[in-house]
Amino acid sequence: MPIPRVRHLLATAALVVGFGAIPAIAQPAKTEAADRRWWKEAVVYQVYPRSFADSNGDGIGDLNGITAKLDYLKSLGVDVVWLSPHFDSPNADNGYDIRDYRKVLAQFGTMADFDTMLAGMKARGIKLIIDLVVNHTSDEHRWFTEAKNGPGNPYRDYYIWRPGKAGGPPNNYPAFFGGSAWTQVGPGGEHYLHYFAVKQPDLNWDNPKVRGEVYDLMRFWLDKGVSGFRMDVIPFISKDPRFPDLNAEQLLHPDQVYASGPRVHDYLKEMRREVLSKYDTMSVGEAVGVTPEKGPLFTAASRGELDMIFRFEGVNIDRNGWRTKPWSLVDLKKIYDDLDRSAGTDGWNTSFIGNHDKPRAVSHLGDGSPASAKALATMMLTQRGTPFLYQGDELGMTNFPFTRIEQYDDISARNLWRDQVLGGKVTAAEFLPELAKTSRDNARTPMQWSKSVNAGFTSGTPWLPVNPNYATINVASEQADRASVLNHYRALIALRRKTPVLQYGAYDDIDPAHPQVYAYTRTLGSARYLTVINFSGTAAAYTLPQTLQVRSVALDSMEQNVLPVAGRLALRPWQAVVYKL
């Protein structure tokens, strides 16, 4: 039973492995925007509140800090904020272990602070979606503290309990953060299921009372004025009640088993009927374990489940568990082509290059340079799908120069160290350089606002160290630099907003086999645009197909307004140009 290998694969909760080609399950997108939705036209900005802005000097970002920066978000041009968990939590997994779904974490402020923040967003025309973390709760949630009292407790069936087997756990399910997915309560007691940390017991969605509780808390926040939810590991909510042992092949990809519960689609359809259909919402699911073939089952509009899902093939292209691996542009282009085909005419995609669970995009998909940050931005904001921008990526924020395990806060990093290094599987010299490139903590260092102490994030001691490059990569410096990454993002967002073809147009990769240049068209009726990106640090001479006639430059990442000469483009390293055809 290759559990160590499983732990490698599951180091990051959002990691999806084992991708393959997506069959042609749907026709290409229509060329007319027959089904317009505000969330298809929006640009979403993810705020990780602990690291965004600290208003009271305790070193931890908070809701009042977000409120103070709303004008910045407005100036960036975003339409929606996705707020990572702000709920009361013991923070075993940085807020993804919720103790009270109707209470704000004291470190972040109060419910009054939340209401003020939301009112400020609405005043600026910005919508808010929040995290819905309902596959599991904290073990300190009232429901679980009651459930631990024994089988006769009315909350016992809110969670999943099974007797041990042969002196061990009920089956061989591995947890994402290491060890068994089962923990026993008391000598001789039953085991409860937790796909993640011991302090994150899974809820029993087969219990209609649990589903009723979830729908009630969704209504609570929607009635407050939020516009929807990002749903954490939502494919995991349904379990096979038999809990059979996984075979050797399944143990390599247990996330795919966890995402294949028998009633997951029934429950999502019920959620749509009971709650989401009653409000004007957007819903996006974190599709951990969802294979390419099954993705459309969650997002086809005719099925009445979710609006969108996050699929991780692109951002995980260089990942093998906690290690990195080589990748090619040809492979990346195939992923994007497969994603677009899987959405077809009845579904919708997300477009993103980073989030709180991934290292910094510019450090692993780019080469760390501002030019590569602009190239990645151009790709993300000209794909067919709703763009989700992670805080700091609009500045070109990079990975942190981690060198010691003591510098990490993330539970997965600490557990991996214990398993891999202290367990004698690899040396620290082999482990630490790889972890420095793949750790989630790279995305969680404080937002870099200025050259002042602690990058202007806090007047106190930051909960996680500020990246030393904040003196050159920060909002204040980039505001004043016309050629900055920040101002390129602003220009891209503005272009996308005024150009329906970049929102709804059909996508076509015109040169999928080219190893250096990514070139694709977007077509909506008679309108047509072409994006050309030199995905490398060396210059590229690229010949356009004769069928494409460039009329003008819509946006050039290097402000050269480079036009083809006799059908040929001379592209600088990492140059990205959007053309009107």
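Provided above is the structure to which this section pertains.
All of the points below concern the structure found in this document. None of these values were measured; they are calculated from a predicted model.

## Regarding the overall build of the protein chain
Each helix and strand in the protein chain was counted, giving 19 helices and 22 strands. On C-alpha atoms alone, the protein chain measures out to a radius of gyration of 23 Å, which is about the 25 Å that the 2.2 N^0.38 rule sets for 581 residues. By its C-alpha atoms, the protein chain is 80 × 55 × 50 Å across when sized along the principal axes. Look at the contacts in the protein chain between residues 6 or more apart in sequence, and 71% of them connect residues 24 or more apart. Summed over all atoms, the accessible surface of the protein chain reaches about 20,600 Å², with 52% contributed by carbon and sulfur.

## Some points on the sheet that holds strand E18 (residues 527-534)
What the 5 strands build is an open sheet, ordered E16-E17-E18-E22-E20; its pairing is antiparallel. The two strands at the open ends of the sheet, each matched to only one other strand, are strand E16 (506-509) and strand E20 (552-556). Each adjacent strand pair in this sheet contributes to an overall mean axis angle of 20°, direction not counted. Set on the sheet, helix H12 (residues 329-343) makes contact with E16 and strand E17 (517-524); between it and E17 the angle comes to about 20°.

## Observations concerning unusual backbone geometry
Only a minority of non-glycine residues have a phi that is not negative, and only a minority of peptide bonds are not trans. Its identity is not glycine, yet Asn454 carries a phi of approximately 55°, on the positive side. Its place among the elements puts Asn454 in the loop between helix H16 (428-438) and helix H17 (475-479). For Asn454, a relative accessible area of 17% translates into the label buried. A positive phi angle is found at Glu559, which is not glycine, with a value near 55°. Relative to the helices and strands, Glu559 resides in the loop between E20 and strand E21 (568-571).

## Here we look at the pattern of salt bridges
According to the stated counting rule, one finds 38 salt bridges in the structure shown. Between Arg263 and Asp266 there is a salt bridge; the shortest N-O distance is 3.8 Å. If you follow the salt bridges from partner to partner, you end up with Asp88, Arg99, Asp139, Glu140 and Lys199 in one network.

## A word on empty space enclosed by the protein
Inspection of every chain in the model, using the stated rule, returns 9 cavities of 30 Å³ or more. The calculated volume of the second largest cavity comes to roughly 70 Å³. The wall of the second largest cavity is formed by Tyr336, Leu339, Asp340, Asn349, Thr350, Ser351, Gln383 and Arg384. Of all the elements in the fold, those that place two or more residues in the lining of the second largest cavity are H12 and strand E14 (350-352).

## Some thoughts on H16
For H16, the complete set of buried residues consists of Phe431, Leu432, Glu434, Leu435, Ala436 and Thr438. Lining the buried residues of H16 we find strand E12 (319-320), strand E13 (323-324) and helix H15 (411-421).

## A word on the side chain of His194
Tracing the backbone shows His194 in the loop between strand E8 (191-193) and helix H7 (208-224). What makes His194 buried here is its relative accessible area of 1%. If we ignore the near neighbours within four places in the chain, the residues touching His194 are Ala175, Ser180, Ala181, Trp182, Thr183, Gln200, Pro201 and Asp202.

## So, the pairing of strand E22 (residues 576-580)
The buried fraction of E22 is high, at 4 of 5 residues. Taken together, the 5 bridges between E18 and E22 define a ladder with antiparallel strand orientation. Within E22, the position partnered with Tyr529 by the bridge is Lys580. With 4 bridges connecting them, E20 and E22 associate as antiparallel partners. By the bridge assignment, Ser552 is partnered in E22 with Lys580.

## Structural notes on the packing of H7 against helix H10 (residues 264-274)
As a packed pair, H7 and H10 sit with axes 11 Å apart at the nearest point and diverge in direction by 40°. With respect to H10, the element H7 is oriented oblique. Regarding H7 and H10, the two cross each other, and that crossing is right-handed. Of H10, the residues touching H7 (which contributes Arg211, Tyr215, Met218 and Arg219) are Tyr267, Glu270, Met271 and Glu274. In the contact of H7 with H10, the residues fall into 4 nonpolar, no polar and 4 charged.

## Structural notes on the sheet that holds strand E6 (residues 161-162)
Sheet strands pair via backbone hydrogen bonds, and the direction of the pair is either parallel or antiparallel. Spatially, E6-E8-E7 is the arrangement adopted by the 3 strands of the open sheet, whose pairing is antiparallel. Each having just a single partner strand, E6 and strand E7 (182-184) make up the two edges of the open sheet. Where E7 meets E8, 3 bridges bridge the pair, whose relative direction is antiparallel. Directly across from Thr183, in E8, lies its bridge partner Tyr192.

## Observations regarding the pairing of strand E19 (residues 540-543)
By the alternation rule, side chains of E19 split into Ala540 and Tyr542, which are all buried, and Ala541 and Thr543, of which none is buried. Relative to E21, E19 runs antiparallel, the two being bridged by 4 bridges. Residue pairing across strands places Thr543 opposite Arg568, the latter belonging to E21.

## Observations regarding H15
In terms of residue burial, H15 counts as a mostly covered element, since 9 of its 11 residues are buried. Three or more residues of H15 are buried, namely Ile411, Ser412, Ala413, Asn415, Leu416, Trp417, Asp419, Gln420 and Val421.

## What to know about the packing of aromatic side chains
This structure, assessed with the given rule, holds 43 aromatic pairs. Centroid distance Phe310 to Phe388: 4.8 Å. Interplanar angle 80°. Geometry classified as edge-to-face. You can see Phe310 sitting in strand E11 (residues 308-310) and its partner Phe388 sitting in strand E15 (residues 386-390), a full 78 residues away along the chain. Each member of the pair, Phe310 as well as Phe388, is classed as buried. Ring centres of Tyr507 and Tyr520 lie 5.3 Å apart, and the angle between their planes is 45°; on these two criteria the pair is classed as tilted. Residue Tyr507 is located in strand E16, and its partner Tyr520 is located in strand E17; the two are separated by 13 residues in the primary sequence. Tyr520 shares its class with Tyr507; the two are buried. Above the ring of Trp449, the side-chain terminus of Lys69 is found at 4.2 Å from the ring centroid. Above the plane of the ring of Phe220 lies Arg102, whose end atom (NZ or CZ) is 5.4 Å from the centre.

## Regarding the packing of helix H14 (residues 370-382) against helix H18 (residues 485-498)
Between H14 and H18, the shortest axis-to-axis distance is 10 Å and the interhelical angle comes to 15°. One finds that H14 runs roughly parallel with respect to H18. Pair H14 / H18 crosses with right-handed handedness. Only Val485, His488, Tyr489, Leu492, Ile493 and Arg496 of H18 make contact with H14, whose side of the interface consists of Pro370, Ala373, Lys374, Ala377, Thr378, Met380 and Leu381. The residue makeup of the contact of H14 with H18, split by class, is 9 nonpolar, 2 polar and 2 charged.

Conventions and cut-offs
Residues numbered from 1 in each chain as written. Predicted model: local features only at pLDDT ≥ 70, side-chain atom pairs only at ≥ 80, totals over all residues. Heavy atoms only, no water. Helix = DSSP H or I, 4+ residues; strand = E, 2+ residues; numbered from the N terminus. Rg over C-alpha atoms; globule rule 2.2 N^0.38 Å. Contact = heavy atoms within 4.5 Å. Areas by Shrake-Rupley, 256 points an atom, 1.4 Å probe, with all protein chains shown as cover. Pairing = 2+ DSSP bridges. Axes fitted to C-alpha atoms, helices over the stretch in contact; angles between N-to-C directions. Buried < 20%, exposed > 50% of the residue type's maximum accessible area, 1.4 Å probe, protein only. Salt bridge = Lys/Arg side-chain N within 4 Å of Asp/Glu carboxyl O. 1 Å grid on protein atoms, 1.4 Å probe; cavity = no way out; pocket = protein on both sides within 12 Å on 5 of 7 lines; lining within 4 Å. Points joined across faces, edges and corners; volume = space filled by probe spheres on them. Parallel < 35°, antiparallel > 145°, perpendicular 65-115°, else oblique. Left-handed = near helix turned anticlockwise from the far one by under 90°. Nonpolar A, V, L, I, M, F, W, Y, C, P; charged D, E, K, R; others polar. Phe/Tyr/Trp six-rings, centres within 6.5 Å; stacked < 30°, edge-to-face > 60°. Lys NZ or Arg CZ within 6 Å of the ring centre and 35° of its normal.

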